[in-house]
Amino acid sequence: MNKKVCIVGLGYIGLPTAAVLADKGFFVHGVDVNEEAINLINNGEVHIYEPDLEKVVKKVVTAGKLSADIEPINADVYILAVPTPFKENHKPDLAYVEAATKSIIPYIEPGSLIILESTSPIGTTEKIVELILNERTDLSIDEKSPSQIYVSHCPERVLPGKILKELIENDRIVGGINKMSTQKTAEFYESFVDGKVLQTNAKTAELSKLTENSYRDVNIAFANELSMICDDLDIDVWELIKLANHHPRVNILQPGPGVGGHCIAVDPWFIVDAAPERAKLIHTARNVNDNKPQFVIEKVKAATENMINPKIACLGLSFKANIDDLRESPAVQIVKELSSIYNNDTILVAEPHIDKLPKELSDKNIELVNTQNALLSAGVIVLLVDHDYFKSLDNETINNKIVIDTRGVIPKSDIKLLAIPL
Ligand code: SAJ
């Protein structure tokens, strides 16, 4: 196999994809605007943490199968794996997809296959075709033309923390702008994916990815709503969910301090934007999850109402368990807000996966400490992330403290004095 693949965007999806393809025998040229990342990758190092990624990158760079640069090259397959955030008004921001498309336009040739992997609003794949054909009148998407190019959407579906495994094992959905594009793209993924490669059209592929993440968002919102109902009714939500999930057709997810990361809290908005009148449930779920951090803050305020200068320690900053990724983390939002409410004192934060606070927190009355110090010095403990590390804590240290456990980590029987379970 000597096909050349050019991947634009070397982030959480692009770099692992580049490494896996190079490991499978493709010649891979990665492109990014971040020169520091490019230098690291060309040295066999990585700028993001993902289990085993550095090992594979080192191997394929040393073997001459992967290199990185700020400019694309001529290739058989182009993969776009750039961010698709939303703007202030929750409308999709396609600036990165447009810039990535423009960067490859001069290199495309008849026969080139262009794949959009970024999670995208409906119609984005068609827009890419428009951008290309506007500038390159020598190319065509006509299935009978000798200057035909192939364009498809194949949304990434991997879970941070398990990316290398899921890139190979997950089923993939491939949707082309026409039948030949779909087929060519399916053949490409079948050459390195063990899961099924399912064929559809571009619009359905786009909506399927948005649907998967919205499904999860709506179900987390259900759990979060239940947690607030239980709080009002003085019922332990964790026990409730455990019991209800014994029903053979019930599988409720876990409540938390809110939904973070750059996917689940973003993608449902693309459906809301495309069908504002219809997407009522999806829209409401987004609001429920977005308002959960405020609920947690109100619980802390209520718990400390009669205390003079309460010493607060927050456990966890990342957007979910056992990772170091702080992007869109509800924990970061909560800690930041607490630091401005309790501005006479220092908010202690324990996050075993990082060694320094992000800039948005480091210039505030917030101190990163180790977990034992946090537990010893604080009177109020706010548990925000269910890291395995926190699950193995000696719960003796939390006796006689106020504990606000947003993740159900601390067994209720171990909280001796006062607990506010959520
Ligand atoms: N969360 C809860 N309760 C739960 C499950 C999750 O509060 O029961 C919270 C997490 O703490 C976190 C957020 O939801 O803040 C999102 O975490 P996640 O593990 O559900 O998902 P992500 O964002 O890491 O990855 C998702 C995955 N999508 C689905 O599972 C449908 C992944 O497969 C996608 O590839 C990824 O989004 C993406 O890139 O779109």
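Residues numbered from 1 in each chain as written. Predicted model: local features only at pLDDT ≥ 70, side-chain atom pairs only at ≥ 80, totals over all residues. Heavy atoms only, no water.

A.B. asks: Describe in detail the packing of helix α8 (residues 202-233) against helix α11 (residues 280-303), supporting the description with residues and values.
C.D. replies: Where α8 meets α11, the axes come as close as 8 Å, and the angle between the chain directions of the two elements is 40 degrees. Classed by the angle they form, the pair α8 and α11 counts as oblique. Considering only the axes of α8 and α11, their crossing is left-handed. Between α8 and α11, the contacting residues are Ser214, Asp217, Val218, Ile220, Ala221, Asn224, Glu225, Ser227, Met228 and Asp231 on the first element and Leu281, Ile282, Ala285, Arg286, Val288, Asn289, Lys292, Phe295 and Lys299 on the second. (Axes fitted to C-alpha atoms, helices over the stretch in contact; angles between N-to-C directions. Helix = DSSP H or I, 4+ residues; strand = E, 2+ residues; numbered from the N terminus. Parallel < 35°, antiparallel > 145°, perpendicular 65-115°, else oblique. Left-handed = near helix turned anticlockwise from the far one by under 90°. Contact = heavy atoms within 4.5 Å.)

A.B. asks: Describe the site of the ligand, with residues and values.
C.D. replies: Glu156, Lys209, Arg216, Gln254 and Phe319 are the nearest of the 19 residues found near the ligand. Take Lys209: an N or O atom from its side chain is 2.7 Å from an oxygen atom of the ligand. Within the side chain of Arg216, one N or O atom sits 2.5 Å away from an oxygen atom of the ligand. The protein chains hide 89% of the 780 Å² of surface that the ligand would expose on its own. Two domains each provide a minimum of three residues to the shell around the ligand, namely domain 1 (4-203) and domain 2 (219-414). (Near = heavy atom within 4 Å. Polar contact = N/O pair within 3.5 Å; in protein donor to acceptor, adjacent residues only side chain to side chain. Areas by Shrake-Rupley, 256 points an atom, 1.4 Å probe, with all protein chains shown as cover. Domains from an automatic or database assignment.)

A.B. asks: Now, about the confidence of the model for the chain: what can you tell me, with residues and values included?
C.D. replies: Averaged over all residues, the pLDDT of the chain is 94; the fraction at 70 or higher stands at 96%. Taken as a whole, residues 413-419 scores under 50 in pLDDT and shows 12 contacts with residues more than four places along the chain or in a different chain. (pLDDT = per-residue confidence, 0-100.)

A.B. asks: I'd like to hear about the domain arrangement of the chain, residue by residue, with values.
C.D. replies: Segmentation of the chain into domains returns domain 1 (4-203) and domain 2 (219-414). Just the C-alpha atoms count here: the centres of domain 1 and domain 2 sit 34 Å apart. It is Tyr12, Phe86 and His90 that lose the most area in domain 1 upon contact with domain 2, and together they represent 37% of the buried surface on that side. The interface formed by domain 1 and domain 2 holds one salt bridge in total. The salt bridge partner of Asp273 is Lys91, with a shortest N-O separation of 2.5 Å. Run the count over domain 1 and domain 2 and you get one residue pair in polar contact (both at pLDDT 80 or more). Across the side of domain 1 that touches domain 2, the residue classes break down as nine nonpolar, four polar and one charged. (Buried area = accessible area lost by both parts, 1.4 Å probe. Salt bridge = Lys/Arg side-chain N within 4 Å of Asp/Glu carboxyl O. Nonpolar A, V, L, I, M, F, W, Y, C, P; charged D, E, K, R; others polar.)

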